[in-house]
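Here's the letter readout for the chains.
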Amino acid sequence: MKILGIESSCDETAASVVEDGKTVLSNIVSSQIDEHRLYGGVVPEIASRRHAENIGWVVREALLQANCTLADIDGIAVTYAPGLIGALLVGISFAKGLAMSSGIPLIPVHHIAGHIAANYITHPELEPPYLCLVISGGHSHIIEVRDYTKYHVIGRTRDDAAGECFDKAARTLGYEYPGGKFIDAAAKLGDPNAYKLPKPKIPNSEFDFSFSGLKTAVINTVHNAEQKGEQLRREDMAASFQKTVADTLVERTMAAAKMLSSKKLAIAGGVSANSGVRGAFEKACADRGVKLYMPELKYCGDNAAMIACQGYYDFLAGKRADESLNGIATLSLDKISEEQ
Ligand code: KG4
Ligand code: ZN
């Protein structure tokens, strides 16, 4: 069964054809980041306009590279939530047009469910139930994946998402947006014990995250050094920051795995590409006898293969949308699990 996936929730216009939820026949990602970088973050209005300009050729190219026409496609999966509303609506409207004109079923896919599903592409043997940590630019969630389409969120960020924290720390250290990957590269050259940064404690909530205190600590340390005219080695700060984030993510997630007696853990989302985070989870899981699943680097960030893959499971579960499908800027995974 071939699913065409369409993703436009943020700043990547993406389309992909995936067979049987695991074989990626094409994976086209058109990034707008060079333009948003000029503003230090994603500008929603620009994102919507670029999606509108690019969605046509991106979808055509995905079909071409998969050696398909629409006649070969069994379902059109599109990200409908969460995300920037104007950006989501471009993908949704395009997908609806395709579905209405061809009669192919339309499948609404939750973006975070898509990130989780990226693991099925890299590890076709992975089956629910398992625990998944989703760490992206907009989300930091610990999720019990009970089935391919059923989720229970057991931990979430109280303020900044992990990726947001990486990007803000990176900006303070003088790296371009989005700076997560620059921190990753710099951290390889620095001493992770050079700076002592705070690890947030949240009362009565073992599995929630809070990254705003850590972000402020980096900003204050950098500004204090500047005011005193001291030279701060940014590789050391990058390494110390990255280790603090990785340790916090590992601590909370492994506590959740222990509580649930879960022996399978997946990580997903843009920040799961971080080498320090991947290394810290590899070690913690090996120490505790937990099997770890991580997406290939190209499926960590936003892409449409993950949407097509999740679309396959949503299709099997009977999820369909009609021509009234709308975008939703904020929607918890718990909520879509209740609807079934
Ligand atoms: O999943 P994603 O592509 O988009 C969202 O759904 O938000 O995640 C983007 C985030 C950005 O904050 C980016 O800086 C971060 O993922 N990121 C990284 C790395 N690569 C991307 N953060 C740390 N280390 C990396 N190597
Ligand atoms: Zn994402």
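Residues numbered from 1 in each chain as written. Chains lettered and ligands numbered in written order. Predicted model: local features only at pLDDT ≥ 70, side-chain atom pairs only at ≥ 80, totals over all residues. Heavy atoms only, no water.

## A few points about unusual backbone geometry
What you tend to see is this: most non-glycine residues have negative phi, and most peptide bonds are trans. With an omega of -20 degrees, the peptide bond running from A81 to P82 counts as cis. Tracing the sequence through the fold places P82 in the loop between β4 (75-81) and α3 (85-102). That bond from Y177 to P178 is cis: its omega, -10 degrees, falls within 30 degrees of zero. Here P178 lies in the loop between α5 (162-172) and α6 (180-187). Positioned with a positive phi, D20 is a non-glycine residue whose angle comes to about 50 degrees. Within the secondary structure, D20 sits in the loop between β2 (12-19) and β3 (23-31). (Helix = DSSP H or I, 4+ residues; strand = E, 2+ residues; numbered from the N terminus.)

## Examining the sheet that holds strand β10 (residues 291-293)
Spatially, the five strands line up as an open sheet ordered β8-β7-β6-β9-β10, and their pairing is mixed. Both outer strands of the open sheet, β8 (150-156) and β10, are each paired with one neighbouring strand and no more. The mean inter-strand angle of the sheet, taken between neighbouring strand axes irrespective of direction, is 25 degrees. Strands in contact with helix α4 (residues 111-122) are β6 (130-135), β7 (140-147), β8, β9 (264-268) and β10; relative to β6, the strand with the most contacts, it is inclined by about 120 degrees. (Pairing = 2+ DSSP bridges. Axes fitted to C-alpha atoms, helices over the stretch in contact; angles between N-to-C directions. Contact = heavy atoms within 4.5 Å.)

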